[in-house]
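One-letter residues, chain by chain:
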Amino acid sequence: MKLNSIHSITSSELNAFFEENRQRTLCYLESRFPVLQEDDIEDIFQDSSITLFLKIQNNELLDLTSSLYTFFLSICINIARNKVNRSHPTYLLSDNITDSDFEPIRNDKLEELENLVGYEIAEEQTDQEYLNWIEQQVREGVRQMKPPCNQILWSFYWDGLSHRTIADMFGMKSEDVSKTQANRCKHKFSDFIKKVIASYER
Amino acid sequence: MKDNSIYNEQIDRFLKGQMSTEEEQQFKTEIGQNPELKQQVREHLYLIRGIKQVKSQEEQKIILQEQHEQKVTPLRRNWIKITSIAASITFIMVLSGIEGSRLYYRHEIRQYAYNASVGVMSDFAASSRGTIDEETKVHLTDLFTNAQEGKDLAETIDELSRLYVLTKDEFVDIEDDCAYQIGWFLAVSYINDGDYEKALEIINNIESEYPDNEDIKSIQKQLVEFLK
């Protein structure tokens, strides 16, 4: 089953997911598996898309503990490894070549920090209506983020990717560029939060 | 005073478990003593929570929509299982009567309700095709969205309460699925409005009709614990 035929039967949401993540996946695979040709990389992306589609169909994603993209990337990595082992049996592929790519946020650490600083955005603000409103505004702020901020921050915090991986995926010169850009984006978000708090009218 | 980017890096290293035990202890002590760092941590956490909520919602929609379009299994079972993706991010028990913990626990209940509502909404979208007229569907979708987002709560609660009473009227023909969803979102509205007793009352009613529903049981348990 080829990707073209999948497009006609998958939902528009899943098609959009593949399109949105196509370029960064191809860049990533090229950098991690340099022995593979461009056609091979395209084939891997297509095969992975089919695999993901079938797994969703078979209800295998009901207990997903990572982001959908991280799961999809793992499929790509497995297929790429198999391809390298089959087509280049003498090529030494390190077992842990992709280990440092994934650095997920730990939920226990997140909870620990939340317990430490409290949930309210400011010390004196505990009003529930206020908190609801802040949360809504934050979600809206996240939805409206534009590239490169959404690319970097969503990759870092939701997909759990390292800055090195993000730099490779989005064609940045180095991981330091990704870190610097991430800090700028967080600073922008911090300004946004301050404006939101200031604009709240009781 | 440290540069904010240094704080950012420290916060991220802590969250990814990359600090040594000693570093973690020093960092936590500094948070307690440095209001600027504490505020930056709060903002950081808001960003992460926002990203998790938005992306979780988007991805659940992709999976649910794909499954619905393929008609692989009944959606009623699927959304119950799929909301466990979101539930795994947030659930924590009340540990003490301290206001900070209660505040945090209120947040957990609200976040669980928000995330679980994604599946209920998708189920409604699927099951209402061809069964209710378009105007009613749009009206209900708006109400459900307001309930989930905590918007215009007074009006939303009024309207959902009115509809909920109608679902109990045997002479009024409201599809079973809509009745369930009206009840669910009325409970979510009460949760967002801070009226946990009322939310529990609605949830208990729904639970008696859907005793095997895991999300109902989970939120019922959280509300019972919170109200102790």
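Data block above holds the structure.
Residues numbered from 1 in each chain as written. Chains lettered and ligands numbered in written order. Predicted model: local features only at pLDDT ≥ 70, side-chain atom pairs only at ≥ 80, totals over all residues. Heavy atoms only, no water.

## Focus on the overall build of chain A
Tallying secondary structure elements over chain A gives nine helices and zero strands in all. Start at the N end of chain A and walk to the C end: the helices and strands fall as α-α-α-α-α-α-α-α-α. Counting every position in chain A, which comprises 202 residues, the buried fraction comes to 50%. Looking at chain A alone, contacts between residues at least 24 apart form 68% of all its contacts between residues at least 6 apart. Counting every atom, chain A has about 9900 Å² of accessible surface; 47% of that belongs to carbon and sulfur. (Helix = DSSP H or I, 4+ residues; strand = E, 2+ residues; numbered from the N terminus. Buried < 20%, exposed > 50% of the residue type's maximum accessible area, 1.4 Å probe, protein only. Contact = heavy atoms within 4.5 Å. Areas by Shrake-Rupley, 256 points an atom, 1.4 Å probe, with all protein chains shown as cover.)

## As for the nonpolar core
Core analysis: the biggest nonpolar cluster contains 72 residues, and Phe-17, Leu-52 and Leu-113 of chain A have the highest contact counts within it. No other element matches the ten residues that helix α3 (residues 35–70) of chain B contributes to this core. When residues of this core are assigned to domains, at least three fall in each of domain 1 (1–100) and domain 2 (103–202) of chain A. Beyond its immediate chain neighbours, meaning those up to four positions away, Leu-52 of chain A contacts Leu-14, Phe-17, Phe-18, Leu-61, Leu-68, Phe-71, Phe-72 and Ile-75 of chain A. Counting residues in each nonpolar core, the second largest holds 36 residues, with Ala-116, Trp-184, Ile-202 and Ile-206 of chain B among its members. (Core = buried A, V, L, I, M, F, W, Y, C linked by side-chain atoms within 4.5 Å. Domains from an automatic or database assignment.)

## So, the state of the cysteines
All names here are of chain A. Enumeration over the complete set of coordinates arrives at one disulfide over all chains. Bridging Cys-149 to Cys-185, the disulfide has an S-S length of 2.1 Å. Because the sign of the S-S torsion sets the handedness, a value of about -85 degrees for the bond joining Cys-149 and Cys-185 places this disulfide among the left-handed ones. Here Cys-185 lies in helix α9 (residues 175–199) and Cys-149 lies in helix α7 (residues 149–157), a separation of 36 residues in the sequence. (Disulfide = S-S within 2.5 Å.)

## Structural notes on helix α2 (residues 21–33) of chain B
The periodicity of an α-helix, 3.6 residues per turn, causes residues three or four places apart in sequence to face the same way. Residue and element names in this part refer to chain B. Along its 13 residues, α2 runs 19 Å from first to last C-alpha, staying within 8% of the 18 Å computed at 1.5 Å per residue. Among all positions of α2, only Glu-24, Phe-27 and Ile-31 are buried. Down the axis of α2, the buried side of the element spans an arc of 65 degrees, and every buried residue falls inside it. Turned more than 90 degrees from where α2 packs its buried face, Glu-22, Gln-26, Gly-32 and Gln-33 sit exposed. (Expected span 1.5 Å × (residues − 1). Arc of directions from axis to C-beta.)

## Here we look at the interface of chain A and chain B
Counting residues at the interface gives 64 residues for chain A, matched by 69 residues for chain B. Between chain A and chain B the total buried area reaches about 6300 Å² when both faces are included, carbon and sulfur atoms providing 58% of it. The tally of links between chain A and chain B comes to eight salt bridges. Along the contact surface separating chain A from chain B lie 25 residue pairs in polar contact (both at pLDDT 80 or more). Secondary-structure elements contributing two or more residues to the side of chain A that touches chain B are α2 (12–32), α3 (38–57), α4 (68–87), α5 (107–117), α6 (128–143), α7 and α9 of chain A. When the residues that make up the side of chain A that touches chain B are grouped by side-chain class, the tally is 32 nonpolar, 16 polar and 16 charged. (Buried area = accessible area lost by both parts, 1.4 Å probe. Salt bridge = Lys/Arg side-chain N within 4 Å of Asp/Glu carboxyl O. Polar contact = N/O pair within 3.5 Å; in protein donor to acceptor, adjacent residues only side chain to side chain. Nonpolar A, V, L, I, M, F, W, Y, C, P; charged D, E, K, R; others polar.)

## Structural notes on the packing of aromatic side chains
For the coordinates displayed, the defined rule picks out eleven aromatic pairs over all chains. Ring centres 5.6 Å apart and planes at 85 degrees place the aromatic pair Phe-45 of chain A and Phe-72 of chain A in the edge-to-face group. Note that Phe-45 of chain A is positioned in helix α3 and Phe-72 of chain A in helix α4, a separation of 27 residues in sequence. Across the pair, exposure class does not vary: Phe-45 of chain A and Phe-72 of chain A are buried alike. Grouped by ring-pair contacts, the aromatic residues Phe-17, Phe-18, Phe-45, Tyr-69 and Phe-72 of chain A constitute a single cluster. Above the ring of Tyr-114 of chain B, the side-chain terminus of Arg-139 of chain A is found at 4.0 Å from the ring centroid. One Lys or Arg, Lys-16 of chain B, reaches over the ring of Phe-156 of chain A and ends 3.4 Å from the middle of that ring. (Phe/Tyr/Trp six-rings, centres within 6.5 Å; stacked < 30°, edge-to-face > 60°. Lys NZ or Arg CZ within 6 Å of the ring centre and 35° of its normal.)

## Let's talk about the layout of surface pockets
Rolling a probe over the atoms, with the probe sized like a water molecule, indicates the empty space that remains. Considered as a void within the structure, the largest pocket measures approximately 530 Å³ in volume. Contributing to the lining of the largest pocket are 20 residues, with Glu-20, Asn-21 and Trp-154 of chain A together with Lys-55 and Glu-58 of chain B lying nearest its centre. Looking at the lining of the largest pocket, the elements that each hand over two or more residues are α2 and α7 of chain A together with α3 of chain B. Tallying contributions element by element places α2 of chain A first for the lining of the largest pocket, with seven residues. Per-class residue counts for the lining of the largest pocket are seven nonpolar, five polar and eight charged. (1 Å grid on protein atoms, 1.4 Å probe; cavity = no way out; pocket = protein on both sides within 12 Å on 5 of 7 lines; lining within 4 Å. Points joined across faces, edges and corners; volume = space filled by probe spheres on them.)

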